[in-house]
Amino acid sequence: MGANLFLQLAYTWAHGLSNSSTINTYNARQYYGSTSLNVPQVFTASAIYSIPWLKHASGWKRLTIAGWQLSDVTTVRAGYSLSPGLSIPQQGLGARPDLTGDSLTGTKTVAQWFNTAAFKAPLPGYFGNAGTGIIRGPGLINFDMTLYKDFSITEKQKVQFRAEVFNVFNHTNLTTVSTTFGSASFGQVTAAADPRIMELVLR
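Residues numbered from 1 in each chain as written. Predicted model: local features only at pLDDT ≥ 70, side-chain atom pairs only at ≥ 80, totals over all residues. Heavy atoms only, no water.

Colleague: What am I meant to see in the side chain of Asn142 here?
Modeller: Residue placement: Asn142 occurs in strand β11 (residues 140-152). Relative accessible area serves as the criterion here: at 15%, Asn142 is assigned to the buried category. For Asn142, the side chain forms a polar contact with the side chain of Asp144, separated by 3.0 Å. For Asn142, the contacting residues outside a window of four places in its chain are Val73, Thr74, Thr75, Asn167 and Asn173. (Helix = DSSP H or I, 4+ residues; strand = E, 2+ residues; numbered from the N terminus. Buried < 20%, exposed > 50% of the residue type's maximum accessible area, 1.4 Å probe, protein only. Polar contact = N/O pair within 3.5 Å; in protein donor to acceptor, adjacent residues only side chain to side chain. Contact = heavy atoms within 4.5 Å.)

Below is the structure:
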């Protein structure tokens, strides 16, 4: 992008599908759908900016102010595909709940990520008809940044100082959603990724 800026952008569109299922071995296609690793859209950006301050300075200015670099890795992606499960022992073979016909779209809150009313228990001894990967999990928005500089000790030896900040904007990234029908936490978000983390490194 120029003498002081390196920039790399990448976008991925994909759809992972599978008919692999241990629920109904008599009809593998019954649960054909999006796999648990399916993330339909991913955008990443990485940049390194060589700060041009006092680039041609000498003495203490060159030692302390010149030569700093700023790097960033940005990731924005959709959520993983999640499958509903079943935790009602008396249902026998029913490893999935049934769909009621209501929309799966929920309030997207921690208390209710998807519409739990869209599911019901199947009849005893029946396979539930809820498909594979029909629930979209939380996405991710993350920025990791580093400010660093190399200090020359000898002609062949250098010391690098790094100030690293992960999730620099402290964005809340939800991760785990309970999708097991019959559990007390069904539909709730039960975990989140790390908040902002800062560290200083000298190597």
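There is more to say, and it comes next.
Colleague: Hey, could you run me through the nonpolar core in this one?
Modeller: One recurring pattern in soluble globular proteins is that nonpolar side chains are buried together. Membership of the largest hydrophobic core comes to 14 residues, with the highest contact counts inside it found for Trp113, Phe114, Phe119, Val177 and Phe181. The residues contacting Phe181, other than those within four sequence positions of it, are Gly85, Leu86, Ser87, Ile88, Pro97, Phe119, Lys120, Ala121 and Phe186. (Core = buried A, V, L, I, M, F, W, Y, C linked by side-chain atoms within 4.5 Å.)

Colleague: Is there a simple way to explain the packing of aromatic side chains in this structure?
Modeller: Here the distance between the centres and the angle between the planes together describe a pair of aromatic rings. Counted under the stated rule, the structure contains seven aromatic pairs. Measuring from centroid to centroid gives 5.3 Å for Phe114 and Phe186, while their planes differ by 75°, and the two rings are edge-to-face. Taken together, the positions of Phe114 in the loop between β8 (98-99) and β9 (119-120) and Phe186 in the loop between β13 (180-181) and β14 (197-202) put the pair 72 residues apart, joining distant regions of the chain. Phe186 carries the same exposure label as Phe114, and that label is buried. Between Phe181 and Phe186, the ring centres sit 5.4 Å apart and the planes meet at 80°, which makes this aromatic pair edge-to-face. The exposure class of Phe181 is buried, given its relative accessible area of 16%. Residue Phe186 is classed as buried on the basis of its relative accessible area, which comes to 11%. (Phe/Tyr/Trp six-rings, centres within 6.5 Å; stacked < 30°, edge-to-face > 60°.)

Colleague: Just checking my understanding: could you explain the side chain of Asn38 for this structure?
Modeller: Tracing the chain through its elements places Asn38 in the loop between β3 (33-34) and β4 (41-50). Exposure remark for Asn38: the relative accessible area of 3% places this residue in the buried category. Setting aside chain neighbours within four positions, we find Asn38 in contact with Ala14, His15, Gly16, Gly79, Tyr80, Ser81 and Arg136.

Colleague: Explain the environment of Ala28 to me, please; I cannot follow it from the model alone.
Modeller: Position of Ala28 among the secondary structure elements: in the loop between β2 (17-18) and β3. Judged by relative accessible area, Ala28 falls into the partly exposed class, the value being 35%. Remark: the alpha-carbon pair of Ala28 and Ser18, spanning ten residues in sequence, is separated by 9.6 Å.

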